[in-house]
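Report on the structure
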Amino acid sequence: MSTLFAFLVGIDKYPNPNHQLFGCVRDQTALKQYLGQFAQGAGFELNLIELMNENATRAAVIKGFGHFQKAGADDICLFSFSGHGSRNDAPEAFWHLEPSKLNQSMVLWDSRTEGGLDLMDKELSYLIWNATRDKASQFIAIMDCCHSGSGTRKAEEARSRIVEKGSDKRNLEQMEGYASYQKGNDGRLSPPRGKHILLAAARDNQLAKELTLEGETRGVFTFSLIETLRQYGNQLTYAELINHLRIRILQKVNEQSPQLDVIAGANPDLLFLSNSKTSGQPAYLVSHDSKKGWHINAGAIDGFKGGSGTSTTKLKLEPSGDPIQIQEVFPSYSSVEGIPADTPLNKVFRATVSSWGSGGLKL
């Protein structure tokens, strides 16, 4: 039996009252519940550890990565963090990696106490590499925090998961895993990179937000992730999943676009938390937009044609099998008809082509 090794970190109650968040522990609690149900249904053994609030110190999180050392070739490793993100001035040795001359960082419980340090993205890269080297196991990192340097809220009802820029002045030798960094003759440093998939809540110049969702404060990204996985029964690849999340999050907040990073040869076409590839024909996303109406995320550039008489391209929704058809084809999307009038406008469907048609392109 394969094992899912999970390490969950959530921080709401930082020592500084001005840094308080309200949905991070709930995010990880909801993810823990989902993973338990997933593992049972998929025939996995779940081996999970968690650090919440004051237990999520820098030292404890670094030590926690030792949890993954037990993973074997057929096992899957998952690290998830919900909390504040920030950035710090990058030493010159890292400028070749950071055009902005800034390191992104995770703000752990004691990071902004006297003598405390953030966990830099370079250090996280080392920790993942150290956990995965000489192993064939799959590693997934989920980061629900901000990667930008602005503390400005974008909406009164949305709280951003970011704190002020740090003032990290440590020596390079104090970076976690420094001895394993690649060192150039010109003084450049590059942390080792382990093969993994990164699902990030936002671009590095955007804010990750938390909102009141279904009566409680939650991170928009993690809430949408679990919502999507529950709808599709874990039958989405990482590439498909990130497209779903972009649509769902845009329906809730502005200026937050989740990102998929594929590091060191990881495979984005595997099913989420699986070593299996998707089978069958490509699937498309059906969603509603105030300007586009009901549409799919594919158009003429994807080979779609249709919109006239019996030659219209037809699709079927999953898992119901209900039919819809192409109405008009645009360069990057196609409007569809056949969605019932009483369908909630925030609903997102998966659909596959049942028959191809031909017709004109709408410009």
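Residues numbered from 1 in each chain as written. Predicted model: local features only at pLDDT ≥ 70, side-chain atom pairs only at ≥ 80, totals over all residues. Heavy atoms only, no water.

This part takes up the overall build of the protein chain. Counting its regular elements, the protein chain contains 5 helices and 20 strands. Scaling as 2.2 N^0.38, a compact globule of 363 residues should have a C-alpha radius of gyration of about 21 Å, and the protein chain matches this with 22 Å. Expressed along its principal axes, the backbone C-alpha trace of the protein chain runs to roughly 70 × 45 × 45 Å. The buried share among the 363 residues of the protein chain stands at 53%. In the protein chain, once contacts between residues fewer than 6 apart in sequence are set aside, the share between residues at least 24 apart is 72%. A total accessible area of about 16700 Å² is found for the protein chain, and carbon and sulfur atoms account for 46% of it. Treating the 39 positive side-chain charges of the protein chain as one cloud and the 40 negative ones as another, the clouds have centres 2 Å apart. (Helix = DSSP H or I, 4+ residues; strand = E, 2+ residues; numbered from the N terminus. Rg over C-alpha atoms; globule rule 2.2 N^0.38 Å. Buried < 20%, exposed > 50% of the residue type's maximum accessible area, 1.4 Å probe, protein only. Contact = heavy atoms within 4.5 Å. Areas by Shrake-Rupley, 256 points an atom, 1.4 Å probe, with all protein chains shown as cover. Lys, Arg positive; Asp, Glu negative; His and termini not counted. Charge placed at Lys NZ, Arg CZ, Asp CG, Glu CD.)

For the rest of this paragraph, the subject is the packing of aromatic side chains. Enumeration over the complete set of coordinates arrives at 15 aromatic pairs. Linked through ring pairs, Phe-7, Phe-65, Phe-68, Phe-79 and Phe-139 together constitute an aromatic cluster. Lying over the aromatic face of Phe-94, Lys-122 brings its terminal NZ or CZ to 5.5 Å of the ring centre. Over the aromatic face of Tyr-333 sits the side chain of Lys-292, whose NZ or CZ is 4.6 Å from the ring centroid. (Phe/Tyr/Trp six-rings, centres within 6.5 Å; stacked < 30°, edge-to-face > 60°. Lys NZ or Arg CZ within 6 Å of the ring centre and 35° of its normal.)

For the structure shown, the criterion picks out 14 salt bridges. Notably, a salt bridge pairs Arg-218 with Asp-27, separated by 3.0 Å at the nearest N-O pair. Taken together, the positions of Arg-218 in strand E13 (residues 216–219) and Asp-27 in helix H1 (residues 24–42) put the pair 191 residues apart, joining distant regions of the chain. Exposure remark for Arg-218: the relative accessible area of 6% places this residue in the buried category. Classification of Asp-27 by relative accessible area gives buried; the value is 0%. (Salt bridge = Lys/Arg side-chain N within 4 Å of Asp/Glu carboxyl O.)

Before going further, it helps to examine the confidence of the model for the protein chain. In the predicted model, the protein chain carries a mean pLDDT of 87, and 91% of its residues have values of at least 70. Segment residues 148–157 is flagged for pLDDT under 50; beyond a separation of four residues in sequence, or across chains, it makes 21 contacts in the model. (pLDDT = per-residue confidence, 0-100.)

Estimated volume of the largest pocket: approximately 730 Å³. Around the largest pocket, the lining is made up of 25 residues, and of these Glu-98, Gln-104, Asp-121, Leu-198 and Asp-261 lie nearest the centre. At the level of elements, strand E5 (102–107), helix H3 (121–132), strand E7 (138–144), strand E11 (196–200) and strand E14 (259–263) are the ones that each hand at least two residues to the lining of the largest pocket. In terms of residue count, the dominant contributor to the lining of the largest pocket is H3 (5 residues). (1 Å grid on protein atoms, 1.4 Å probe; cavity = no way out; pocket = protein on both sides within 12 Å on 5 of 7 lines; lining within 4 Å. Points joined across faces, edges and corners; volume = space filled by probe spheres on them.)

With that out of the way, let us pick up the sheet that holds E5. Spatial strand order, E4-E5-E6: 3 strands in an open sheet with antiparallel pairing. Either end of the sheet is taken by a strand with one partner, and the two such strands are strand E4 (84–89) and strand E6 (119–120). Pairing of E5 with E6 involves 2 bridges; the strand directions are antiparallel. Paired with Met-106 across the bridge in E6 is Leu-119. (Pairing = 2+ DSSP bridges.)

This next bit is on the side chain of Glu-240. Turning to its location among the elements, Glu-240 is positioned in helix H5 (residues 238–250). Given a relative accessible area of 15%, Glu-240 falls into the buried group. Among the polar contacts made by the side chain of Glu-240, one reaches the main-chain amide nitrogen of Thr-237 at a distance of 3.0 Å. Among all residues touching Glu-240, those that are not within four sequence positions of it are Gln-235, Ala-283 and Arg-350. (Polar contact = N/O pair within 3.5 Å; in protein donor to acceptor, adjacent residues only side chain to side chain.)

What follows concerns the environment of Gly-299. With respect to the helices, strands and loops of the structure, Gly-299 is situated in the loop between strand E16 (293–296) and strand E17 (314–318). Measuring from C-alpha to C-alpha, the distance between Gly-299 and Ser-334 comes to 5.1 Å, with 35 residues separating the pair along the chain. Sequence-distant contacts of Gly-299, defined by excluding residues within four places in its chain, comprise Phe-304, Val-329, Phe-330, Pro-331, Ser-332, Tyr-333 and Ser-334.

It is worth spelling out the nonpolar core at this point. Within the largest apolar cluster, 61 residues are counted, with the highest numbers of intra-cluster contacts made by Leu-35, Ile-140, Leu-199, Val-286 and Ile-296. It is helix H4 (residues 220–232) that provides the largest number of residues to this core, a total of 7 residues. Each residue touching Leu-35, except ones within four places of it in the same chain, is listed here: Leu-4, Ala-6, Leu-8, Leu-46, Leu-48, Leu-78 and Leu-273. Within the second largest apolar cluster, 41 residues are counted, among which are Phe-5, Phe-65, Ala-93 and Phe-94. (Core = buried A, V, L, I, M, F, W, Y, C linked by side-chain atoms within 4.5 Å.)

Turning our attention to the sheet that holds strand E1 (residues 3–10). Pairing in this open sheet of 6 strands is mixed, and the strands run E2-E1-E3-E7-E11-E14 from one edge to the other. Edge strands, defined here as strands with exactly one partner in the open sheet, are strand E2 (45–52) and E14. Each neighbouring strand pair of the sheet contributes to a mean axis angle of 15 degrees, computed without reference to strand direction. Strands strand E3 (76–82), E7 and E11 of the sheet are contacted by H3, whose axis makes an angle of about 155 degrees with E7. Most of the contacts of H5 go to E14, to which it runs at about 160 degrees, and overall it touches E7, E11 and E14. (Axes fitted to C-alpha atoms, helices over the stretch in contact; angles between N-to-C directions.)

Two elements in contact, H1 and H4, have axes whose closest approach is 10 Å; the angle formed by their N-to-C orientations is 20 degrees. Taken together, H1 and H4 sit at an angle that is classed as roughly parallel. H1 and H4 meet at a crossing whose hand is left-handed. On H4, the residues that touch Asp-27, Ala-30, Leu-31, Gln-33, Tyr-34 and Gln-37 of H1 are Thr-222, Ile-226, Leu-229 and Arg-230. When the residues that make up the contact of H1 with H4 are grouped by side-chain class, the tally is 5 nonpolar, 3 polar and 2 charged. (Parallel < 35°, antiparallel > 145°, perpendicular 65-115°, else oblique. Left-handed = near helix turned anticlockwise from the far one by under 90°. Nonpolar A, V, L, I, M, F, W, Y, C, P; charged D, E, K, R; others polar.)

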